[in-house]
Amino acid sequence: MYKKYSNIERVKPSGLELKDHLVGVQRVTKVTKGGRTFGFSAIVVVGNGDGVIGHGLGKSKDVTSAIAKAIEDAKKNLVRIPIHKQTIPHEQKGKFGGARVFLKPASHGTGVIAGGAVRAVLESVGVHDVLSKSQGSSNPHNVVKATFDALLQMRDANIIAKQRGISLNKVFNG
C-alpha cells in the first residue's frame, strides 16, 4: 500500500494505545432482481497521538460491524510519521485522486486549522499546531489518502542526515 515511499517505518499495533476517529459512513445500495439491498461503508483513522497512524475501510450490512472492520483494517496499516514540537517538520503537498491537501507547520498555540477528514488524520497522529488547505475533491476517502500522501513524504532532520550519510550538524550548517 505504501510502496512508493522510501522513508516510511511500518509499526506493529501490539503494545500501542490506539484511538480511533470515524471519518465517514456511507450508505451504499446494490440493486438486485428482488429490489434494493442496503449496506454501509465506513472509513476510520487510528492513531496513538505520538506519530503512529493508520487508516482503514470497512464494509458491512450494518454500521457497527462496518466500523469494526474499518478499525481492524486501519490497525494493519500503521506507519510512523515524524513530528517536530507538536507540528510537522516542513511544508508538504499531498494528492490522491481528485483531492489535494497542503500542510504547513504553525507556531505553538495555533491549533489544528483543518476541516473534516484532514483534521481527523492530524489529530490522530498527534499534531497540535498546523495550517492546512484542502482543494479539489471533498470525498472523505480521497482526502484521507491525500493527507496520508503528504504525511508520508515528511522527513525530519535525523532521516535526512542518515540518507545523506552526514552528521546532523552538517544538515543545518552545511
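Our structure is the block above this text.
The paragraphs below set out a description of the structure included in this document. (Residues numbered from 1 in each chain as written. Predicted model: local features only at pLDDT ≥ 70, side-chain atom pairs only at ≥ 80, totals over all residues. Heavy atoms only, no water.)

## Focus: the overall build of the protein
Part 1 of the argument: Counting its regular elements, the protein contains 5 helices and 9 strands.
Part 2 of the argument: Going residue by residue from the N terminus, the α and β elements of the protein occur as β-β-β-β-α-β-β-β-β-α-β-α-α-α.
Part 3 of the argument: Dimensions along the principal axes, computed over C-alpha positions, put the protein at roughly 70 × 35 × 30 Å.
Part 4 of the argument: Carbon together with sulfur atoms contributes 50% to the accessible area of the protein, which is approximately 10000 Å² in total.
Part 5 of the argument: Averaged over its 27 positive side-chain charges, the protein has a centre that lies 10 Å from the centre of its 12 negative ones. (Helix = DSSP H or I, 4+ residues; strand = E, 2+ residues; numbered from the N terminus. Areas by Shrake-Rupley, 256 points an atom, 1.4 Å probe, with all protein chains shown as cover. Lys, Arg positive; Asp, Glu negative; His and termini not counted. Charge placed at Lys NZ, Arg CZ, Asp CG, Glu CD.)

## Points about the pattern of salt bridges
Part 1 of the argument: Using the criterion set out here, one finds 1 salt bridge in the structure.
Part 2 of the argument: In this structure, Arg 119 engages Glu 123 in a salt bridge whose closest nitrogen and oxygen atoms are separated by 3.2 Å. With Arg 119 and Glu 123 both in helix H2 (residues 116-125), this residue pair falls 4 residues apart, about one helical turn.
Part 3 of the argument: The class for Arg 119 is partly exposed, based on a relative accessible area of 33%. (Salt bridge = Lys/Arg side-chain N within 4 Å of Asp/Glu carboxyl O. Buried < 20%, exposed > 50% of the residue type's maximum accessible area, 1.4 Å probe, protein only.)

## Considering unusual backbone geometry
Part 1 of the argument: In the Ramachandran plot, Lys 85 falls in the positive-phi region, its phi being about 55° despite a non-glycine side chain.
Part 2 of the argument: Take Lys 85: it is sitting in the loop between strand E5 (79-80) and strand E6 (92-96).
Part 3 of the argument: Despite not being glycine, Gln 86 has its phi angle at roughly 60°, a positive value.
Part 4 of the argument: Tracing the backbone shows Gln 86 in the loop between E5 and E6.

## Re the environment of Phe 40
Part 1 of the argument: Within the secondary structure layout, Phe 40 lies in strand E3 (residues 35-47).
Part 2 of the argument: By relative accessible area, Phe 40 is classed as partly exposed at 21%.
Part 3 of the argument: Residues Phe 40 and Gly 51, 11 residues apart in the sequence, show an inter-C-alpha distance of 30 Å.
Part 4 of the argument: If we ignore the near neighbours within four places in the chain, the residues touching Phe 40 are Val 25, Gln 26, Arg 27, Val 28, Gly 58, Lys 59, Ser 60, Lys 61, Asp 62, Val 63 and Ala 66. (Contact = heavy atoms within 4.5 Å.)

## Remarks on the sheet that holds strand E1 (residues 9-10)
Part 1 of the argument: Spatially, 5 strands are ordered E1-E5-E4-E3-E2 in an open sheet, and the strand pairing comes out antiparallel. Strands with a single pairing partner mark the edges of an open sheet, and in this sheet they are E1 and strand E2 (19-32). (Pairing = 2+ DSSP bridges.)

## Considering the side chain of Asp 129
Part 1 of the argument: Following the sequence through the fold, Asp 129 ends up in the loop between H2 and strand E9 (130-136).
Part 2 of the argument: Summary of buried charges: Asp 129 has no salt-bridge partner, and the nearest side chain of opposite charge, Arg 119, is 10 Å away.
Part 3 of the argument: Here the side chain of Asp 129 touches Gly 111 through a polar contact of 3.0 Å, landing on its backbone nitrogen.
Part 4 of the argument: Setting aside residues no more than four positions away along its own chain, Asp 129 makes contact with Gln 86, Thr 87, Ala 106, Ser 107, His 108, Gly 109, Thr 110 and Gly 111. (Polar contact = N/O pair within 3.5 Å; in protein donor to acceptor, adjacent residues only side chain to side chain.)

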